Amino acid sequence: MAALRAAGAALLRPGRGAEAATRLGYHKKVVDHYENPRNVGSLDRNAKNVGTGLVGAPACGDVMKLQVEVDENGKIVDARFKTFGCGSAIASSSLATEWVKGKTVDEALKIKNTDIAKELCLPPVKLHCSMLAEDAIKAALADYKLKQDSNKEVSEKKANNA
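Residues numbered from 1 in each chain as written. Predicted model: local features only at pLDDT ≥ 70, side-chain atom pairs only at ≥ 80, totals over all residues. Heavy atoms only, no water.

- The chain appears in an unreviewed UniProt entry as Iron-sulfur cluster assembly enzyme ISCU from Melopsittacus undulatus.

Below, the structure written as structure tokens:
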């Protein structure tokens with residue numbers, strides 16, 4: 001497994017092997033997101049308007065962290081990711097962050113793994129990568145909502161004690 005991962009990484013190294021990766025079944029969209037990932041990084045996980053989702057796939061070892069920053073109107077204004085995994089997992093994370101930006105929380109929850117897989121032309125063996133991305137979006141938004149509910153409870157307690 002480690003040898004396969006190393007071989008895959010070598011094929012997808014920026015500036016080397018993009019053509020070979022495409023020939024071996026990686027669609028050019030996957031290669032583009034792998035070589036030029038969008039929105040890599042982290043947001044302040046302690047901020048009340050930031051939701052963090054951390055998901056993993058034990059079968060392949062991929063781990064994905066996706067974070068969203070939501071404004072006071074419920075619109076996602078920023079998204080970041082960090083992913084340890086194959087090129088398809090990184091591409092799925094990158095695309096997911098692009099797609100959630102500018103959407104409301106409810107609109108972002110409608111993003112499905114099948115949409116991500118279709119956009120990236122993922123083969124069946126890589127569909128778990130798009131599933132991880134969908135799960136990461138849902139986990140990040142669930143964390144954001146939990147923080148908002150906690151904020152309401154604190155505000156209500158303060159109001160009742162006043």
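**Points about the overall build of the chain**
Here comes step 1: For the chain, the count of helices and strands is seven helices and three strands.
Here comes step 2: The burial tally for the chain puts 41% of its 162 residues in the buried class.
Here comes step 3: Long-range pairs, those at least 24 residues apart, make up 59% of the contacts in the chain with a sequence separation of at least 6.
Here comes step 4: When the accessible area of the chain is evaluated, it comes to approximately 8,900 Å², of which 55% is carbon and sulfur surface. (Helix = DSSP H or I, 4+ residues; strand = E, 2+ residues; numbered from the N terminus. Buried < 20%, exposed > 50% of the residue type's maximum accessible area, 1.4 Å probe, protein only. Contact = heavy atoms within 4.5 Å. Areas by Shrake-Rupley, 256 points an atom, 1.4 Å probe, with all protein chains shown as cover.)

**A few points about helix α4 (residues 87-100)**
Here comes step 1: Over its 14 residues, α4 extends 20 Å from the first C-alpha to the last, a length consistent with the 20 Å expected when each residue adds 1.5 Å.
Here comes step 2: Most of α4 is tucked away: 12 of the 14 residues are buried.
Here comes step 3: Listed in full, the buried residues belonging to α4 are Gly87, Ser88, Ala89, Ile90, Ala91, Ser92, Ser93, Ser94, Leu95, Ala96, Thr97 and Val100.
Here comes step 4: Trailing α4 by a residue or two, Gly102 shows a phi angle of about 90 degrees, which is positive. (Expected span 1.5 Å × (residues − 1).)

**A short note on a nonpolar patch on the surface**
Here comes step 1: Taken together, Leu54, Val63 and Phe84 make up a surface patch of nonpolar side chains, about 320 Å² in accessible area.
Here comes step 2: Take Leu54: it is sitting in strand β1 (residues 50-57). (Patch = residues over 30% accessible without salt bridge, like charges linked within 9 Å, V, L, I, M, F, W, Y side chains within 5 Å. Salt bridge = Lys/Arg side-chain N within 4 Å of Asp/Glu carboxyl O.)

**Quick word on the sheet that holds strand β3 (residues 76-84)**
Here comes step 1: The strand order across the open sheet formed by three strands is β1-β2-β3, and the pairing between neighbours is antiparallel. Each edge of the open sheet is held by one strand with a lone partner, namely β1 and β3. Mean inter-strand twist for the sheet, computed between neighbouring axes without regard to direction, equals 15 degrees.
Here comes step 2: Bridge analysis of strand β2 (residues 62-70) against β3 gives eight bridges, and the strand direction is antiparallel. Note that in β3 the partner of Leu66 across the bridge is Phe81. (Pairing = 2+ DSSP bridges. Axes fitted to C-alpha atoms, helices over the stretch in contact; angles between N-to-C directions.)

**What about the environment of Ala89?**
Here comes step 1: Along the chain, the position of Ala89 falls in helix α4.
Here comes step 2: The sequence separation of Ala89 and Ala133 amounts to 44 residues, and the corresponding C-alpha distance is 7.7 Å.
Here comes step 3: Excluding residues within four positions of it along the chain, Ala89 makes contact with Asp62, Met64, Thr83 and Cys129.

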